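For reference, the chains in residue letters:
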Amino acid sequence: EPLGKVDEFETIRHLVELLHGCSLLSRVIVALFDKKNHQVKAYFALGCEETPALEHFKVNLQPVNLFTKLLAQPAGVWISPDRKSQAAGLIPGNFKQASQSDEFFLMSVFNHRGAYGLFYADKGPHCPEGLSEIEYKIFKAACSTCSKHLMIRAKRAAAKHSKR
């Protein structure tokens with residue numbers, strides 16, 4: 001593997017660990033965009049021991065669904081019964097079953113080549129306390145920072161490579 005690839009994987013794993021360890025978000029997952037197979041697959045997860053289907057989820061991007069829309073451009077969404085949105089109707093059935101949750105955050109991350117993956121976070125399927133505005137802001141800021149970091153890292157690697 002090229003050094004740049006290893007660094008990207010380390011970056012996203014650290015973000016999952018950070019969100020899981022430093023917030024009330026009990027399940028945090030990063031899923032990678034598989035362009036060849038046109039799907040999103042869970043890559044690294046924390047807090048999903050009781051929901052292995054979520055820990056290992058895979059979502060096809062056809063027909064068009066919420067994941068397809070998020071990977072089209074950098075975007076995030078807070079799905080909640082209290083926050084009516086059209087996005088809720090685009091959640092694939094197999095993902096609803098895997099997550100067992102009706103409230104969660106999803107956000108796409110990009111690198112220099114385009115869509116890279118998605119981060120998912122929630123408080124678990126049986127948490128009586130909903131997600132908060134501050135948790136959503138933290139989640140979005142962390143994911144945005146991850147995208148920026150992935151792009152900067154790639155530019156540095158390219159500059160280093162072109163000097164050779």
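Just so it is clear, the model here is predicted, and its values are computed rather than measured. (Residues numbered from 1 in each chain as written. Predicted model: local features only at pLDDT ≥ 70, side-chain atom pairs only at ≥ 80, totals over all residues. Heavy atoms only, no water.)

1. Focus on the pairing of strand β2 (residues 39–46)
Logical step 1: With seven bridges joining them, strand β1 (residues 27–34) and β2 adopt antiparallel strand pairing. Across the sheet, Val-30 pairs through a bridge with Phe-44, a residue of β2.
Logical step 2: In this antiparallel pair of consecutive strands, β1 and β2, the connection spans four residues, and His-38 shows a positive phi of 50°.
Logical step 3: Looking at chain direction, β2 and strand β3 (residues 58–60) are connected through three bridges and run antiparallel. Bridge pairing links Gln-39 to Asn-60 in β3. (Pairing = 2+ DSSP bridges. Helix = DSSP H or I, 4+ residues; strand = E, 2+ residues; numbered from the N terminus.)

2. Describing the sheet that holds strand β4 (residues 76–79)
Logical step 1: Spatially, the six strands line up as an open sheet ordered β3-β2-β1-β6-β5-β4, and their pairing is antiparallel. Two strands bound the open sheet, and with one partner strand each, they are β3 and β4. Taking the axes of each pair of neighbouring strands and ignoring which way they run, one obtains an average angle of 20° across the sheet. (Axes fitted to C-alpha atoms, helices over the stretch in contact; angles between N-to-C directions.)

3. Looking at the pattern of salt bridges
Logical step 1: Inspection of every chain in the model, using the stated rule, returns six salt bridges.
Logical step 2: Its salt-bridge partner being Glu-129, residue Lys-123 comes within 2.9 Å of it at the nearest N-O pair.
Logical step 3: On the accessibility criterion, Lys-123 (11% relative accessible area) is buried.
Logical step 4: Classification of Glu-129 by relative accessible area gives partly exposed; the value is 46%.
Logical step 5: Shared partners join several salt bridges into a network, and the residues in it are Lys-123, Glu-129 and Glu-135. (Salt bridge = Lys/Arg side-chain N within 4 Å of Asp/Glu carboxyl O. Buried < 20%, exposed > 50% of the residue type's maximum accessible area, 1.4 Å probe, protein only.)

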